[in-house]
Each structure stands twice: as C-alpha cells, then as structure tokens.
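# Close look at the chain arrangement
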Amino acid sequence: MNDSRPLVLVHGLWDTPHLFRRLVHRLEQHQISLLVPHLPHRLGAVPLTTLARQLDQCIAARWGDQEIDLLGFSMGGVISRVWLQDFGGFRRCRRFISVGSPQQGTLTAQWIPRWLFAGLADMKRGSPLLNHLNADLTALQRVECVSFFCRWDLMVVPGWQAVLPMGTQEEVPVLSHQQLMAHPLSLEILMKTILKD
C-alpha cells in the first residue's frame, strides 16, 4: 500500500476538484496525502502552460521537492504532462497516471480558434504544444507512465489515442468520458494502480 507518497489529482475542462469525490472517498481509507487543486481555465480560454505553472506553484507550496504521484483526467492530463516536461516536474514525480487525456490531441478541438480559447486549441491534433511535448520525451522516460482510455470517448476523439507516447496503456470498459472517473469498475482499476508499490 502506498501510504507515504502524496498524490496530486488534476481536473479537466468544465470540471472542478469535485469531479474526484468518489475517488477521494476511496483514497481516504488508505491515508494517502492528497492535493486536489482548482485550476480555473475560463471555459478553455487559459493556455495549458499557464495552468501548468499554477499547478507547479500549488505543488511547491504544499510539498516542495517531495516525491509525488500524479493523476490527470482529461485536459488535466495534458496540464500535468506540461508540468512534468516543461516545469521539471519529472524530477519529483514517480508515477504519472493519464486518464482519458488527449495526449495525441482530439478532433473535437480541431476547429476552435486559438485567439478565443487558447487552452482548447492546445488540445488540437498537431497543435504546437503537443508537437513540442512529443518532440522530446526524455523527461517522461524518468517517470512511470500509465494511460487509461475509453474507446467510445466522445470528448477525446479517437478515444483509443488518449494515451501517452510511452508507458503502459489500458482500455477501461466503460461507455463515456465521465465514466472514467465515476464508474465503479473504472475506480477499482485506478485504485489498484494508485496503490501499487
């Protein structure tokens, strides 16, 4: 059981920390120290790099350089990845769990103008941000990476590409994006990964 390494949970678009209430309830039984920051994204207008900087400040204020684990859901997984690769987060993160995150971009963001919704535009397939992250994976190689995805995801399209370019990848047999963080089967799978030594 992991009872010493803190865990950071990063929410996605149109979400708040309340998204993780079911998972947090389960984690509380294992006495894991949690940080579930609220990262206001203004409906996707805030660039993901700005949100990653805010995440960096939250983690540093709470735990300094202490080693942590990190779980990002949906857009939160990309924010987390920016923190790992561009803000040196890989130096103090042991395990990164990406859940339903458009790590390869999503077609649902393809026609969104950057001048209006910069954060959403960062998640386009082939966006400058994602191309930058994929160009050098050295930082990710220092972290244990795990990706979970929903094949029929209508938020991240195509769903089976909601995975990191390295590490283990697992399809969760649920029917929607939100069920990745709400369905009992998905929560059980996530708990096993979080609690793994």
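The model shown is predicted, which means the values in this text are computed figures rather than measured ones. The residue numbering used here restarts from 1 in each chain and proceeds along that chain's sequence as written. Restriction of local features to residues with pLDDT of at least 70 applies here, the model being predicted, together with a cutoff of 80 or more for giving and counting side-chain atom pairs; totals for whole chains, interfaces and linings are based on all residues. Side-chain numbers here rest on the full set of heavy atoms in the structure, without hydrogens or water.

### A short note on the overall build of the chain
Within the chain, the regular secondary structure consists of seven helices and six strands. When the elements of the chain are put in sequence order from the N terminus, they spell out β-α-β-α-β-α-β-α-α-β-β-α-α. It is over C-alpha atoms that the radius of gyration is taken, and the globule rule equals 2.2 Å times the number of residues to the power 0.38. Taking 197 residues into account, the globule formula puts the C-alpha radius of gyration at 16 Å, and the chain, at 15 Å, falls close to it. Counting only C-alpha atoms and orienting by the principal axes, one finds that the chain spans roughly 45 × 35 × 30 Å. We call a residue buried when its accessible area falls under 20% of the maximum for its residue type, exposed when it is over 50%, and partly exposed in between, using a 1.4 Å probe and counting protein chains only. Per-residue burial over the chain gives 55% buried out of 197 residues. Counting from the N terminus, the helices are DSSP H or I runs at least four residues long and the strands are E runs at least two residues long.

### Side note on the sheet that holds strand β6 (residues 168-171)
Sheet architecture is open: six strands sit in the order β2-β1-β3-β4-β5-β6, paired in parallel fashion. Unpaired on one side and paired on the other, β2 (34-35) and β6 mark the two borders of the sheet. Across two bridges, strand β1 (residues 7-10) lies against β2 in parallel orientation. Across the sheet, residue Leu7 finds its bridge partner in β2, namely Leu34. Against the sheet, helix α3 (residues 75-86) makes contact with β1, β3 (68-73) and β4 (93-99), and its axis sits at roughly 140° relative to β3, the strand it touches most. In the packing of helix α7 (residues 184-195) onto the sheet, the strands contacted are β1, β3, β4, β5 (144-149) and β6, and the crossing angle to β4 comes to about 170°. Here, strands pair whenever DSSP counts at least two bridges between them. Residues are treated as being in contact if the distance between any of their heavy atoms lies within 4.5 Å. Between N-to-C directions, angles cover 0 to 180 degrees, with each direction set by a line fitted to C-alpha atoms, over the stretch in contact for helices.

### Overview of a nonpolar patch on the surface
Like-charged residues are merged into a patch within 9 Å and nonpolar side chains (Val, Leu, Ile, Met, Phe, Trp, Tyr) within 5 Å, provided each residue has over 30% relative accessible area and no salt bridge. The Shrake-Rupley method, run with a 1.4 Å probe sphere, supplies the accessible areas, and residue values consider only the shown protein chains as cover. Throughout this description, the term salt bridge denotes a Lys or Arg side-chain nitrogen within 4 Å of a carboxyl oxygen of Asp or Glu. A surface patch of nonpolar side chains, about 340 Å² in accessible area, is lined by Trp14, Leu43 and Met155. If you trace the backbone, Leu43 turns up in the loop between β2 and α2 (48-63). Overall, Leu43 belongs to the exposed group, its relative accessible area being 54%.

### So, unusual backbone geometry
Across the junction of Val157 and Pro158, the peptide omega takes the value -5°, indicating a cis bond. Inspection of the secondary structure assignment puts Pro158 in the loop between β5 and β6. Look at Gln31: it is not a glycine, yet its phi comes out positive at around 55°. Topologically, Gln31 is positioned in the loop between α1 (21-28) and β2. Even without being a glycine, Leu43 presents a positive backbone phi close to 60°.

### Examining the side chain of Gln103
Mapped onto the secondary structure, Gln103 falls in the loop between β4 and α4 (118-121). Using a relative accessible area of 0% as the deciding quantity, one classes Gln103 as buried. Between N or O atoms, a polar contact is any pair within 3.5 Å; within protein, one atom must be a potential hydrogen donor and the other a potential acceptor, and residues adjacent in sequence are included only when both atoms are from side chains. A polar contact of 3.1 Å, which involves the side chain of Gln103, links it to the side chain of Ser98. Residues in contact with Gln103, not counting those within four places in the same chain, are Gly77, Val78, Arg81, Phe96, Ser98, Leu130, Asn134, Val163 and Leu164.

### Focus: the nonpolar core
Buried Ala, Val, Leu, Ile, Met, Phe, Trp, Tyr and Cys residues that are joined via side-chain atoms within 4.5 Å together make up what is termed a nonpolar core. Core analysis: the largest hydrophobic core is formed by 37 residues, its most contacted members being Val8, Leu48, Leu55, Leu70, Ile79, Trp83 and Leu84. For this core, the secondary-structure elements that each account for two or more residues are β1, α2, β3, α3, β4 and α5 (128-135). Setting aside chain neighbours within four positions, we find Leu84 in contact with Leu70, Gly89, Phe90, Cys93, Phe96, Ala139, Leu140 and Val143.

### Here's the deal with the packing of α1 against α7
How two helices sit against one another is set out by the angle between their axes and by the gap between those axes. Taken N-terminus to C-terminus, the directions of α1 and α7 make an angle of 45°; their axes are 11 Å apart at the nearest point. Compared by their axis directions, α1 and α7 come out oblique. Where α1 crosses over α7, the handedness of that crossing is right-handed. The residues of α7 that touch α1, namely those facing Arg22, Leu23, Arg26 and Leu27, are Pro184, Leu187, Glu188, Met191 and Ile194. Note on residue classes: Ala, Val, Leu, Ile, Met, Phe, Trp, Tyr, Cys and Pro are nonpolar, Asp, Glu, Lys and Arg are charged, and everything else, Gly too, is polar. Residue classes in the contact of α1 with α7 are distributed as six nonpolar, no polar and three charged. Oblique is the label for any angle not under 35 degrees, not over 145, and not in the 65 to 115 range, which are roughly parallel, roughly antiparallel and roughly perpendicular in turn. Helix crossings fall into two classes, left-handed where the near helix is turned counterclockwise from the far one by less than a right angle and right-handed where it is turned clockwise.

### Examining the packing of α2 against α3
Between α2 and α3, whose axes approach to 8 Å, the crossing angle comes to 70°. One element, α2, and the other, α3, form an angle in the roughly perpendicular class. On α3, the residues that touch Leu48, Thr49, Leu51, Ala52, Leu55, Asp56 and Ile59 of α2 are Met75, Val78, Ile79, Ser80, Val82 and Trp83. By residue class, the composition of the contact of α2 with α3 is ten nonpolar, two polar and one charged.

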